[in-house]
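Analysis of the macromolecular model
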Amino acid sequence: MLMLRTLARPLSSNLCRLASTAHLDYSRYPTLQESDIEENLMRGSGPGGQAVNKTNNCVFLRHLPTGITVKCHLHRLASKNRIEARKILLDKLDVHLNGDHSIAAQMKQLDQKKSTERKRRQGKLQEMKKNWQSRERTEDEDATIKN
């Protein structure tokens, strides 16, 4: 029985996000058992011509307990598509089972916190600039009046 808990990955490959994933709670992240999965290989679609039309490298996974389905045809190799499909299935399963406590929801909350903090800092900087400009104007006016 293969347990695929190690396939947990951030949704984006940005370095900033990788640093922020240290604060995520993976304790509720689901495990994937091969006995719960129905896997089919089929021909892919889209650009690629003959190479796509005659090879069965598109992976279709169905999680039997929940009925969640995933179709993955990102790579030319079926082995890479199998791994990627399992990652996608784990992410969808996490969202389905955990909702607001899923990894995607936690990352979204972190992004929102960062965004509000960035906006707060920008507003504070703009206010400081306005105060400085008004002080400079009054000092220039005072200097011109004295001369």
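Heads up: the structure comes first, above all this text.
Values in this document were obtained by computation on a predicted structure and should not be read as measured data.

Inside soluble globular proteins, nonpolar side chains tend to come together where they are buried. Leu32, Ile37, Leu61, Ala85, Leu89 and Ile103 are the most contacted members of the largest nonpolar core, which has 15 residues in total. Listing elements by their share of this core, those giving two or more residues are β2 (58-63), β3 (69-72), α3 (78-98) and α4 (103-146). Of the residues forming this core, the biggest block, 4 residues, is contributed by α3. Each residue touching Ile103, except ones within four places of it in the same chain, is listed here: Leu24, Asp25, Tyr26, Tyr29 and Asp94.

Time to look at the sheet that holds β2. Two modes of strand pairing occur in sheets, parallel and antiparallel, and in both the strands are linked by backbone hydrogen bonds. Spatial ordering of the open sheet is given by β1-β2-β3, a layout of 3 strands whose pairing is antiparallel. At either end of the open sheet lies a strand with only one pairing partner, and these are β1 (37-42) and β3. Looking at each pair of strands side by side, their axes are set apart by 15° on average, direction ignored.

What the rule picks out here adds up to 6 salt bridges. For Glu38, the salt bridge is made with Arg62, and the minimal N-O distance between the two is 3.3 Å. Residue Glu38 is located in strand β1, and its partner Arg62 is located in strand β2; the two are separated by 24 residues in the primary sequence. Given the relative accessible area of 29%, Arg62 is considered partly exposed. In this structure, Arg120 engages Glu117 in a salt bridge whose closest nitrogen and oxygen atoms are separated by 2.6 Å. Residue Arg120 and its partner Glu117 are located together in helix α4, separated by 3 residues, close to a single helical turn. The class for Arg120 is partly exposed, based on a relative accessible area of 44%. Given the relative accessible area of 28%, Glu117 is considered partly exposed. Beyond isolated ion pairs, a larger network of salt bridges with shared partners links Glu34, Glu39, Arg82 and Arg86.

Cut-offs applied
Residues numbered from 1 in each chain as written. Predicted model: local features only at pLDDT ≥ 70, side-chain atom pairs only at ≥ 80, totals over all residues. Heavy atoms only, no water. Core = buried A, V, L, I, M, F, W, Y, C linked by side-chain atoms within 4.5 Å. Buried < 20%, exposed > 50% of the residue type's maximum accessible area, 1.4 Å probe, protein only. Helix = DSSP H or I, 4+ residues; strand = E, 2+ residues; numbered from the N terminus. Contact = heavy atoms within 4.5 Å. Pairing = 2+ DSSP bridges. Axes fitted to C-alpha atoms, helices over the stretch in contact; angles between N-to-C directions. Salt bridge = Lys/Arg side-chain N within 4 Å of Asp/Glu carboxyl O.

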